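# Overview (structure and organization)
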Amino acid sequence: MSAAGGESEHGGACSSCLRRSWLLSQLSAPLDYQFRTLERLTELLALSDEHLLRALGGRRRTELTVGYAHFEAQNLPTTKGAQTVCRHRSSYPRSLRDAGSPPMLKVEGGVSRLAELTAAPTVAILGSSRASDYGVEMAKSLARGLAASGVTVAGGLCDGIEVAAHAGALEVNGATVAVLPGDLDAGPPAKRRSLYERVRYRGCGVAELPRGSEARRWGLVASQRILVRLAQLVVVVEAREHPGDLAGARIARALGRPLAAIPGRVTSPASRLLNGAHL
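In this text, all values refer to a predicted model and were calculated from it rather than measured experimentally.

### A word on the overall build of the chain
Summing up its helical and strand segments, the chain has 11 helices and eight strands in all. Looking at the 279 residues of the chain, the share that counts as buried comes to 52%. Considering only contacts in the chain between residues 6 or more positions apart, those separated by 24 or more positions represent 75%.

### Structural notes on the side chain of Glu162
Tracing the backbone shows Glu162 in helix α8 (residues 161-171). Accessibility expressed as a relative area gives 5% for Glu162, which makes it buried. Of note is the side chain of Glu162, whose polar atom sits 3.3 Å from the backbone nitrogen of Cys158. With residues up to four places along the chain from it excluded, the contact list for Glu162 reads Ile125, Leu126, Gly156, Leu157 and Gln224.

### Section: the packing of aromatic side chains
In this structure the tally under the stated criterion is one aromatic pair. A ring pair is formed by Trp22 and Phe71, whose centres lie 5.9 Å apart and whose planes are at 45°; its orientation type is tilted. Separated by 49 residues along the polypeptide, Trp22 in helix α1 (residues 15-26) and Phe71 in the loop between α5 (61-69) and β1 (82-86) bring together distant segments of the chain. Each member of the pair, Trp22 together with Phe71, is buried. Between Arg36 and the ring centre of Tyr33, over which it is positioned, the NZ or CZ distance is 5.1 Å.

### Here's the deal with the confidence of the model for the chain
Mean pLDDT over the chain stands at 86; residues scoring 70 or higher make up 88%. The secondary-structure element of the chain with the lowest mean pLDDT is helix α11 (residues 243-255), recorded at 85, while strand β4 (residues 152-155) shows the highest, at 97. Counting contacts from residues 1-8, a segment whose pLDDT is below 50, to residues more than four positions away or on other chains yields 13 contacts.

### Observations concerning the layout of surface pockets
Any space left empty among the atoms is revealed by the rolling of a water-sized probe across them. Size it by volume and the second largest pocket reaches roughly 270 Å³. In terms of lining, the second largest pocket is formed by 16 residues, of which the most central are Leu38, Thr42, Arg225, Arg229 and Ile251. Every element with two or more residues in the lining of the second largest pocket is listed here: α3 (38-45), α10 (217-230) and α11. Looking at which element gives the most residues to the lining of the second largest pocket, the answer is α3, with five residues. Residue composition of the lining of the second largest pocket, grouped by class: 10 nonpolar, two polar and four charged.

### Observations concerning the sheet that holds strand β3 (residues 122-127)
Spatially, β1-β2-β6-β5-β4-β3-β7-β8 is the arrangement adopted by the eight strands of the open sheet, whose pairing is mixed. The outermost strands of the open sheet, each flanked by one partner alone, are β1 and β8 (259-262). Neighbouring strand axes in the sheet, compared pairwise and without regard to direction, differ in orientation by 25° on average. Here β1 pairs with strand β2 (residues 104-108) via five bridges, running antiparallel. Pairing of Cys86 across the sheet is with Met104, part of β2. Against the sheet, helix α6 (residues 111-119) makes contact with β1, β2, β3, β4, β5 (176-179) and β6 (204-207), and its axis sits at roughly 100° relative to β6, the strand it touches most. Docked against the sheet, α10 engages β2, β3, β4, β5 and β7 (233-237), running at close to 155° with respect to β5.

### What about the packing of helix α4 (residues 49-56) against α5?
Contact pair α4 / α5: the axes reach a minimum separation of 9 Å and the direction vectors enclose 160°. In terms of orientation, α4 and α5 fall into the roughly antiparallel class. Crossing handedness for the pair α4 and α5: right-handed. Here Asp49, Leu53 and Arg54 of α4 lie close against α5, whose contacting residues are Arg61, Leu64, Thr65 and Tyr68.

### Digging into the nonpolar core
In terms of nonpolar packing, the biggest core is built from 53 residues, with Leu41, Leu105, Val177 and Trp218 touching the most fellow members. If you look at the next biggest cluster of nonpolar residues, it comprises 15 residues, including Val153, Ile161, Ala165 and Val235.

### Details of the environment of Gly110
Mapped onto the elements, Gly110 comes out in the loop between β2 and α6. Spatially, the C-alpha atom of Gly110 lies 9.2 Å from that of Arg200, the residues being 90 residues apart in sequence. Beyond its immediate stretch of four places on either side in the chain, Gly110 contacts Gln83 and Cys204.

### Here's the deal with the packing of α8 against helix α9 (residues 193-202)
When two helices pack together, their arrangement is given by the angle between the helix axes and by the axis-to-axis distance. The contact between α8 and α9 brings their axes to 11 Å, and the two run at 50°. In this view, α8 runs oblique relative to α9, as classed from their interaxial angle. The crossing of α8 and α9 is left-handed. Within the contact between the two elements, α8 uses Val163, His166, Ala167 and Leu170 and α9 uses Leu195, Arg198, Val199 and Arg202. Along the lines of polarity and charge, the residues of the contact of α8 with α9 split into five nonpolar, one polar and two charged.

Analysis parameters
- Residues numbered from 1 in each chain as written.
- Predicted model: local features only at pLDDT ≥ 70, side-chain atom pairs only at ≥ 80, totals over all residues.
- Heavy atoms only, no water.
- Helix = DSSP H or I, 4+ residues; strand = E, 2+ residues; numbered from the N terminus.
- Buried < 20%, exposed > 50% of the residue type's maximum accessible area, 1.4 Å probe, protein only.
- Contact = heavy atoms within 4.5 Å.
- Polar contact = N/O pair within 3.5 Å; in protein donor to acceptor, adjacent residues only side chain to side chain.
- Phe/Tyr/Trp six-rings, centres within 6.5 Å; stacked < 30°, edge-to-face > 60°.
- Lys NZ or Arg CZ within 6 Å of the ring centre and 35° of its normal.
- pLDDT = per-residue confidence, 0-100.
- 1 Å grid on protein atoms, 1.4 Å probe; cavity = no way out; pocket = protein on both sides within 12 Å on 5 of 7 lines; lining within 4 Å.
- Points joined across faces, edges and corners; volume = space filled by probe spheres on them.
- Nonpolar A, V, L, I, M, F, W, Y, C, P; charged D, E, K, R; others polar.
- Pairing = 2+ DSSP bridges.
- Axes fitted to C-alpha atoms, helices over the stretch in contact; angles between N-to-C directions.
- Parallel < 35°, antiparallel > 145°, perpendicular 65-115°, else oblique.
- Left-handed = near helix turned anticlockwise from the far one by under 90°.
- Core = buried A, V, L, I, M, F, W, Y, C linked by side-chain atoms within 4.5 Å.

Right, dumping it as structure tokens:
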């Protein structure tokens, strides 16, 4: 079926980039097992396809090598209304063209809309999934003000800070970009689907894995590298000393991206990062 804009879903990405996405989905379980730190995940995702198969193929290496050699893009399952775009296309976000970025994205809301939104000033709002009421209100207020000023708000769809940021931007009819850790069909849990529908209507949903890919721990961390690169500024609103909360901030520091924080209450465990914990 054709996606929005009249282009078939896989028509916006070349075969090599689609094959890389397929390979990552096939190696999702060993990626989850092998990665222990952000640095280790970064190393694994930087490997070539051949070296990734050697490192993570295990007992399935022969099977996956055969599947890789005979890969055909048209056999990938499609997502109704989605499009793909890869780094070999002019419409791929410029900020995602470095070696540490995913080679392709699946997009709901349209590739042209994603290009338009990320060409505008973009701020990623990240933080704890166990945020305090104070943190949630701060994230919502910040996103509301940014969106009212024409700034694109980007974030994941985890509970707490990220959901609050999308909700705040949508209150003023702003457009947001949501990056999902698995595939677009999996989407967010039921309690956040209504919010995601509004995000897709006004902005974009983005994922790097094909249909049928589960949202695993490594995908949650990997999605942060997309968010940070799409934004000119990363703002952390409350963060625990937890890999999921700190990944975005650490990636921003490693890339030399501007990083800001909204101070939380000094007595709150959700504000450990902002009150002196090491990145």
